[in-house]
Amino acid sequence: MNINLIVVGRVREKYINEGIKEFKKRLSSYCDLRIVEVSDEPAPDNLSKREEEIVKNKEGEKILKKLPKNTYLIPLVIEGRQLKSEGLAEKIESLGIDGFSNITFVIGGSLGISDEIIKMANFKLSFSKMTFPHQLMRLILLEQIYRAFRIIRNEPYHK
């Protein structure tokens, strides 16, 4: 199975990069993982709603260019569906059974994800009603994908 993460922005914190590196290594036994970064747009404080939409749309255009063909698209959005770890495992497993060999998760920038990307989604995922830094969300998502594969294979994992 191919797992793609398309993410807006770079991770600057060393400790987050170390965690991402560790989970990329762990996931190599379960899937082909590809992380694609697109540059974030400048978004100073006090933008109008219209200016925020312009920023999200520009980032959305960059994401669109990186989307693999025939992928099952899962953007991370606050209004998405919340799953337990076992639920994410069931989702990934059922997609494989249904013939989806490419799953693409999208993590937007500081302002979120463009409406165009959200409308294209096959499934919208939320980790919480809280807002997390998008760099940290990348690490959290990788950990949950790893946990999902451990659950799918009936391997031990921390509950």
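Colleague: An account of the nonpolar core is requested, with residue identities and associated values reported.
Modeller: Membership of the largest hydrophobic core comes to 31 residues, with the highest contact counts inside it found for Ile-3, Leu-5, Phe-105, Ile-145 and Phe-149. If you list the elements that add at least two residues to this core, you get strand S1 (2-8), helix H1 (14-27), strand S3 (72-82), helix H3 (85-97), strand S4 (102-107) and helix H5 (134-152). In contact with Leu-5, other than residues within four places in its own chain, are Leu-33, Arg-34, Ile-35, Val-36, Phe-105, Arg-138, Leu-141, Leu-142 and Ile-145. In terms of nonpolar packing, the next biggest core, distinct from the first, is built from 12 residues, Val-8, Ile-63, Leu-73 and Ile-118 among them.

Colleague: Requested: an account of the layout of surface pockets, with residues and values cited.
Modeller: The computed volume of the largest pocket comes to approximately 460 Å³. Surrounding the largest pocket, 23 residues form its lining, Leu-76, Val-77, Ile-78, Gly-112 and Thr-131 being those nearest its centre. Elements represented by at least two residues in the lining of the largest pocket include exactly S3, helix H4 (115-120), strand S5 (125-126) and H5. Per-element accounting of the lining of the largest pocket gives the leading share, 4 residues, to S3.

Colleague: Outline the pairing of S3, supporting the account with residue identities and numerical values.
Modeller: Across 4 bridges, S3 lies against S4 in parallel orientation. Considered in S4, the bridge of Ile-74 is made with Phe-105. In the classification by handedness, the crossover that spans S3, the intervening H3 and the parallel S4 is right-handed. With 3 bridges connecting them, S3 and S5 associate as parallel partners.

How each quantity is defined
Residues numbered from 1 in each chain as written. Predicted model: local features only at pLDDT ≥ 70, side-chain atom pairs only at ≥ 80, totals over all residues. Heavy atoms only, no water. Core = buried A, V, L, I, M, F, W, Y, C linked by side-chain atoms within 4.5 Å. Buried < 20%, exposed > 50% of the residue type's maximum accessible area, 1.4 Å probe, protein only. Helix = DSSP H or I, 4+ residues; strand = E, 2+ residues; numbered from the N terminus. Contact = heavy atoms within 4.5 Å. 1 Å grid on protein atoms, 1.4 Å probe; cavity = no way out; pocket = protein on both sides within 12 Å on 5 of 7 lines; lining within 4 Å. Points joined across faces, edges and corners; volume = space filled by probe spheres on them. Pairing = 2+ DSSP bridges. Right-handed = clockwise from strand over helix to strand, strands pointing away.

Remember that the coordinates give geometry; whether it matters functionally is a separate question.
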